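A look at the structure
Listed below, chain by chain, are the residues.
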Amino acid sequence: MHLVLYGFRICPFVEKVNILLDEKNIHVERVYVDIRNKPDWFLKISPLGKVPILRVDDVLLFESTVINDFLDSLSAATSLYPTNTIQKHLNKSWIEWGSTLILATYDMTLAKDKESFLAKRLLVEQKLSILQEQVKNSPFFNGEHFSMIDLTYAPLFKRFDRLIYLYSIDLLANYPTLKQWSKNVLQRPSVHAGFIDNFDEELKILLDLKGSYLEEQNKTTQKFDRSI
Ligand SMILES: N[C@@H](CCC(=O)N[C@@H](CS)C(=O)NCC(=O)O)C(=O)O
């Protein structure tokens with residue numbers, strides 16, 4: 001079976017596929033797509049015009065959760081889902097919900113002014129309080145073992161972590177259980193391997209390109225700091 005993953009340098013949906021590939025030791029050929037300037041060949045293979053796409057011989061799979069489910073099923077004996085069916089599908093529900101949290105966070109980071117940033121931050125925090133209700137005081141979501149839902153939230157946790165470093169914004173400050181879960185997930189070697197080395201640089205480029213308030217404010221502060 002020949003597997004080709006079409007992705008982009010910085011994309012939470014591609015990153016969760018990267019982590020699963022590393023976790024399950026699956027080799028794929030990688031094709032980089034410039035989604036800021038999509039080539040015609042890509043628009044022909046991607047119904048939504050989005051990455052990730054996984055080519056499996058001559059079949060094209062899209063949607064990161066579907067792609068991860070497919071890759072997981074290749075070695076069902078070592079599935080990253082709980083064995084209990086209802087638990088597995090409950091995990092899937094919260095995986096879907098995690099995608100809405102990723103999008104809300106993306107929206108917040110791209111806010112163009114302080115007022116809109118604060119309004120969007122509030123929406124993210126509301127979602128975080130709902131999520132915290134679901135999380136136990138165990139290393140990972142389902143207990144001792146790292147599973148599909150943990151790797152799905154890793155790209156979100158990575159962004160939260162970098163927001164502290166780059167912009168001094170700690171979205172998990174009021175959610176200690178989530179903070180501990182996030183720390184455990186980010187320590188996983190497969191998670192570490194799922195992101196590009198210059199993640200911070202690419203994140204700043206993205207925010208700058210989109211005229212984000214966070215990046216604008218950061219530049220102003222740095223200019224101010226240099227002048228004193
Ligand atoms: N629901 C999709 C979302 C994928 C997605 O939004 N990918 C973004 C990059 S992170 C993309 O390709 N955007 C291009 C566009 O929307 O034009 C999935 O889970 O795969």
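Remember, it's a predicted structure, so these values are computed and weren't measured experimentally.

Regarding the domain arrangement of the protein chain
- Annotation of the protein chain at the domain level lists domain 1 (3-78) and domain 2 (85-209).
- Across the contact, 13 residues belong to domain 1 and 18 residues belong to domain 2.
- If you list the elements that add at least two residues to the side of domain 1 that touches domain 2, you get α1 (12-23) and α3 (64-73).
- Examining the composition of the side of domain 1 that touches domain 2, we find that eight residues originate from one element, α1, more than from any other.
- Counted by class, the side of domain 1 that touches domain 2 contains four nonpolar, three polar and six charged residues.

Looking at the sheet that holds strand β2 (residues 29-32)
- Strand order in this open sheet of four strands is β2-β1-β3-β4, and the pairing throughout is mixed. Edge positions in the sheet fall to β2 and β4 (59-62), since each has one partner strand and no second. Strand-to-strand twist across the sheet, computed as the mean angle between neighbouring axes with direction ignored, equals 25°.

Considerations on the pairing of strand β3 (residues 53-56)
- Pairing geometry for strand β1 (residues 3-7) and β3, over four bridges, is antiparallel. Paired with Tyr 6 across the strands is Ile 53, a residue of β3.
- Bridge analysis of β3 against β4 gives four bridges, and the strand direction is antiparallel. When the sheet's bridge partners are listed, Arg 55 is paired in β4 with Leu 60.
- The turn joining β3 and β4, which pair antiparallel and follow one another in sequence, is formed by two residues; a positive phi near 55° is taken by Asp 57.

Regarding the environment of Glu 15
- Among the structural elements, Glu 15 can be located in helix α1.
- In this structure the C-alpha to C-alpha distance between Glu 15 and Glu 215, which are 200 residues apart in sequence, comes to 23 Å.
- Other than its neighbours up to four places away in sequence, Glu 15 contacts Pro 155, Gly 194 and Phe 195.

Considering the packing of helix α6 (residues 148-167) against helix α7 (residues 176-186)
- Close contact between α6 and α7 brings their axes to 9 Å; oriented N to C, the two are set at 105°. The orientation of α6 with respect to α7, classified from their angle, is roughly perpendicular. Side by side, α6 and α7 meet where Asp 150, Tyr 153, Ala 154, Phe 157, Lys 158, Phe 160 and Asp 161 of the first sit next to Ser 182, Val 185 and Leu 186 of the second.
- When the residues that make up the contact of α6 with α7 are grouped by side-chain class, the tally is six nonpolar, one polar and three charged.

Here is what the cut-offs are and how they apply
- Residues numbered from 1 in each chain as written.
- Predicted model: local features only at pLDDT ≥ 70, side-chain atom pairs only at ≥ 80, totals over all residues.
- Domains from an automatic or database assignment.
- Contact = placed C-beta atoms within 7 Å.
- Helix = DSSP H or I, 4+ residues; strand = E, 2+ residues; numbered from the N terminus.
- Nonpolar A, V, L, I, M, F, W, Y, C, P; charged D, E, K, R; others polar.
- Pairing = 2+ DSSP bridges.
- Axes fitted to C-alpha atoms, helices over the stretch in contact; angles between N-to-C directions.
- Parallel < 35°, antiparallel > 145°, perpendicular 65-115°, else oblique.

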